[in-house]
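Observations on the three-dimensional arrangement
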Amino acid sequence: MEWFGFLNYAVFMAIFIGIYALLSLGLNIQWGFTGLFNAGIAGFFAVGAYTSAILTSPAAAGRIGGFDLPVPIGWLGAMLAAGLIAWPIGKICLRLRSDYLAIATIGVAEIIRLVIKSEEWLTNAARGITDIPRPFGDLPYLASQLAYLAIVAGVLLAVYLLVERQFASPWGRMMRAIRDNEDAARAMGKDVPYRRLEAFIFGSALMGLGGALFAHFNRTITPEAIDPMVATFLVWIMLILGGSGNNRGAILGVTVVWIIWSMSEIVTDQLPHEYAVKAKYLRVFLIGLMLQLVLRFRPEGLLPEPQGGGRDKEKKRTATSAGGAD
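What this report covers is the structure whose coordinates are included nearby. (Residues numbered from 1 in each chain as written. Predicted model: local features only at pLDDT ≥ 70, side-chain atom pairs only at ≥ 80, totals over all residues. Heavy atoms only, no water.)

1. Considering the overall build of the protein
Within the protein one finds 14 helices and zero strands. Each helix (α) and strand (β) of the protein, taken in turn from the N terminus, gives the series α-α-α-α-α-α-α-α-α-α-α-α-α-α. Within the protein, the fraction of its 326 residues that count as buried is 47%. Long-range pairs, those at least 24 residues apart, make up 78% of the contacts in the protein with a sequence separation of at least 6. (Helix = DSSP H or I, 4+ residues; strand = E, 2+ residues; numbered from the N terminus. Buried < 20%, exposed > 50% of the residue type's maximum accessible area, 1.4 Å probe, protein only. Contact = heavy atoms within 4.5 Å.)

Listed below in structure tokens is the structure:
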């Protein structure tokens, strides 16, 4: 039935929105909170995806694997591996600033992609890793999709609450102080290099978790999935459009951009074949046009960063309580 197809596609799209929201929240920790220009999201996404795939997939000839561990262990391993990879990268690259840091992280992501494409013993090279287990994958198709959507939504909610709590805490205020005036933060006794590295590792771990969720959803992972256009620059557009420094804005930007990205594909697929191939570039044009309009008329994003972090909310709650007491 037609409604069944629409429901299935809506669930499929919601799962991808949840996965990309994790990537956007990870980038928001690095850029929105700390001002770190990480243009290598695809690299940490890939590390998380392949780590979880190796840990949870059955044995296969010619490559490492066959551990058959539970899926949650694979997800924790993905976060740990992405964080461990981020540590030496951050120690070296975070000494750079702005566009130099972006160039360095792009290079690191490309190195990771080339290793994945060439090291057959580790990643099965271009053939990728298949037979990746999906939680509730034995259920009927739509029921399996709904169950995985519930898992992704639960993971996203837990991560959002954790990051939001950190944003409103002294840690979050310290990171924004480092972002806004690094010299003043250092004069106040803050260990700026250590804190910047801390934010870089934290955000990269969330990117690794997003990669793991993606791999288990597709039940396979190949080097083609690590496209910088989709796994790096699209995430940057989502965050800038939604509003960097605002976790709700990061999720809103993912929702808006992914709906446009997906719905435009449906429209172009209805065209004759000779036009459909060319029309697919319309998606990139629409996303780029929206980004330009937002930068022109609302440069702070759809949901700007709240001023004062969680302190304004606390003051409002205190004033409300005082008013009620009167």
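Let us keep going from here.
2. Topic: the packing of helix α7 (residues 170–180) against helix α9 (residues 192–218)
The relative placement of two packed helices comes down to the angle between their axes together with the axis-to-axis distance. Across the interface, α7 lies against α9 with an axial gap of 11 Å and an inter-helix angle of 110 degrees. The angle between α7 and α9 places the two elements in the roughly perpendicular class. Relative to α9, α7 is oriented so that their crossing is left-handed. Counted together, W171, M174, M175 and I178 of α7 and V192, R195, R196, E198, A199 and F202 of α9 form the full contact between these two elements. Tallied by class, residues from the contact of α7 with α9 come to seven nonpolar, no polar and three charged. (Axes fitted to C-alpha atoms, helices over the stretch in contact; angles between N-to-C directions. Parallel < 35°, antiparallel > 145°, perpendicular 65-115°, else oblique. Left-handed = near helix turned anticlockwise from the far one by under 90°. Nonpolar A, V, L, I, M, F, W, Y, C, P; charged D, E, K, R; others polar.)

3. Comments concerning the environment of W171
In this fold, W171 is placed in helix α7. Spatially, the C-alpha atoms of W171 and R195 are 9.3 Å apart, while their sequence positions differ by 24 residues. Filtering out sequence-adjacent residues up to four positions away, W171 remains in contact with I29, F33, Q166, R195, E198 and F202. A distance of 2.7 Å separates a polar atom in the side chain of W171 from a polar atom in the side chain of E198. (Polar contact = N/O pair within 3.5 Å; in protein donor to acceptor, adjacent residues only side chain to side chain.)

4. What to know about the nonpolar core
With 86 residues, the main nonpolar core has Y20, W75, V159, L213, I221 and W258 as its most contacted residues. The biggest single contributor to this core is helix α1 (residues 2–33), with 14 residues. Discounting chain neighbours no more than four positions away, the residues touching V159 are L22, L25, L206 and L209. (Core = buried A, V, L, I, M, F, W, Y, C linked by side-chain atoms within 4.5 Å.)

5. What to know about the side chain of S144
Looking at the secondary structure, you find S144 in helix α6 (residues 141–168). Excluding its chain neighbours within four sequence positions, the residues that come into contact with S144 are R134, F136, G137, L139 and R219.

6. Some remarks on helix α13 (residues 281–297)
Spanning 17 residues, α13 covers 25 Å between terminal C-alpha atoms, matching the ideal 24 Å at 1.5 Å per step. Considered for burial, the residues of α13 that qualify are R283, I287, L291 and V294. For α13, the arc enclosing every buried residue in end-on projection is 65 degrees, short of the 170-degree limit, so these residues lie on one face. In α13, the exposed positions angled more than 90 degrees off the buried face are occupied by Y281, F285, Q292, R296 and F297. (Expected span 1.5 Å × (residues − 1). Arc of directions from axis to C-beta.)

7. Focus: the packing of aromatic side chains
Under the definition given, this model contains 15 aromatic pairs. Between F12 and F16, the aromatic rings sit 4.9 Å apart at their centres with planes inclined by 45 degrees, giving tilted as the arrangement. In this pair, F12 and F16 both sit in helix α1, four residues apart, roughly one turn of the helix. The buried category is assigned to F16, whose relative accessible area is 7%. An angle of 50 degrees between the planes, with centres 5.7 Å apart, marks the rings of W31 and F37 as tilted. An aromatic cluster is built from Y9, F12, F16, Y20, F45, Y148, F214, F217 and W258, whose rings are joined through pairwise contacts. The ring of Y148 is capped by R134, whose NZ or CZ atom sits 5.7 Å from the centre of that ring. The ring of F297 carries the charged tip of R296 above its face, separated from the ring centre by 4.9 Å. (Phe/Tyr/Trp six-rings, centres within 6.5 Å; stacked < 30°, edge-to-face > 60°. Lys NZ or Arg CZ within 6 Å of the ring centre and 35° of its normal.)

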